[in-house]
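# Examination of the molecular architecture
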Amino acid sequence: MSRIPRFHPDDLDESQRRLYAAIVEGRAGITPVVPLTDDEGVLTGPFNAMLLSPELGMALQELGTAIRHRSALLPRARELAILAVAAHWQCQFELDAHALIGAQVGLTAVELDALRGGSELQLYDNEEAATLTIARTLVRTADPGASDYDAAASMLGPSKLFEISTLVGYYSLLALQMRIFDMSQPPEPSADASSRTRQ
């Protein structure tokens, strides 16, 4: 049970309504994967908590949009990194949401099981392997050290390494907020997916 109120859309103030609209309308037209709202229109997962501080929440959801849509990381690599974060923090919402998204972008059942369990995973794409390795290193130690940095930078380049570190920070923050406010369980998808989409 969440430790904060469920912010019903009819009860939002002006700044909360702007953020709600940015979250929901900004994802309109995207193939539904994970419910963004429950059956009453209340935001799910980390999004309901963003309404506690709408200005900061707006900046946070804009960062998430940039990570998803304006990154040079390919979709499989992005989901590998997100699932590495989710597994480290044992964030059930992120694990469930991004397992579904990962399957959509081509991650296999074997790969998803390994990611959920944090076990070794044989990846044949060198960039994907480097992405997963550095993401797991960052969540475990927050300091790749010289040799790990050099290996990641030589394969990915500093720009993608910057993007991965931003992704790791963003999804770790969401996992922390969901843990603090006890909101880690995603709702079940319903037949009405008109206002639903992915994290």
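- Taking an unreviewed UniProt entry as the reference, the protein chain is identified by name as Carboxymuconolactone decarboxylase-like domain-containing protein belonging to Mycolicibacter kumamotonensis.

### Focus: the overall build of the protein chain
- When helices and strands are tallied, the protein chain shows eight helices and zero strands.
- Each helix and strand of the protein chain, placed in order from N terminus to C terminus, yields the pattern α-α-α-α-α-α-α-α.
- Classification of the 199 residues of the protein chain by burial places 49% in the buried group.
- Within the protein chain, contacts between residues at least 6 apart in sequence are counted, and of these 73% link residues at least 24 apart.
- Total accessible area on the protein chain is roughly 9800 Å²; 54% of this is exposed by carbon and sulfur atoms.

### Here's the deal with the packing of aromatic side chains
- Applying the stated rule across the entire model yields one aromatic pair.
- Seen from their ring centres, Y170 and Y171 are 4.8 Å apart, and the 90° between their planes marks the pair as edge-to-face. For the pair Y170 and Y171, a shared accessibility class is recorded, and that class is buried.

### Brief notes about unusual backbone geometry
- Residues other than glycine seldom take positive phi values, yet Q90 does so here, at roughly 50°.
- Tracing the backbone shows Q90 in the loop between α4 (75–89) and α5 (92–104).
- The exposed category is assigned to Q90, whose relative accessible area is 51%.
- Of note, A142 is a non-glycine position whose phi angle comes to about 60°, a positive value.
- On the secondary structure map, A142 appears in the loop between α7 (126–141) and α8 (145–180).

### Remarks on α5
- With 13 residues, α5 ought to run about 18 Å at 1.5 Å a step, and its terminal C-alpha atoms sit 18 Å apart, in line with that.
- Of the positions making up α5, those classed as buried are F93, E94, L95, A97, H98, A99, I101 and G102.
- Residues of α5 that are buried sit in contact with α2 (46–50), α4, α6 (109–117) and α8.
- G106 sits one or two positions beyond α5 and adopts a positive phi of about 110°.

### Section: the nonpolar core
- Membership of the largest hydrophobic core comes to 56 residues, with the highest contact counts inside it found for L43, M50, L167, V168 and Y171.
- Residue assignment for this core shows that the elements contributing at least two residues are α1 (14–25), α2, α3 (54–69), α4, α5, α6, α7 and α8.
- Of the residues forming this core, the biggest block, 12 residues, is contributed by α8.
- Every residue in contact with V168, bar those within four places of it in the chain, is listed here: V85, A135, L138 and V139.

### Some remarks on the pattern of salt bridges
- One pass over the full model with this rule turns up nine salt bridges.
- In this structure, R76 and E111 form a salt bridge, with 3.1 Å as the shortest nitrogen-oxygen distance. Taken together, the residues R76 in helix α4 and E111 in helix α6 connect sequence positions 35 residues apart. The burial state of R76 is the same as that of E111; both residues are buried.

The rules behind each value
- Residues numbered from 1 in each chain as written.
- Predicted model: local features only at pLDDT ≥ 70, side-chain atom pairs only at ≥ 80, totals over all residues.
- Heavy atoms only, no water.
- Helix = DSSP H or I, 4+ residues; strand = E, 2+ residues; numbered from the N terminus.
- Buried < 20%, exposed > 50% of the residue type's maximum accessible area, 1.4 Å probe, protein only.
- Contact = heavy atoms within 4.5 Å.
- Areas by Shrake-Rupley, 256 points an atom, 1.4 Å probe, with all protein chains shown as cover.
- Phe/Tyr/Trp six-rings, centres within 6.5 Å; stacked < 30°, edge-to-face > 60°.
- Expected span 1.5 Å × (residues − 1).
- Core = buried A, V, L, I, M, F, W, Y, C linked by side-chain atoms within 4.5 Å.
- Salt bridge = Lys/Arg side-chain N within 4 Å of Asp/Glu carboxyl O.

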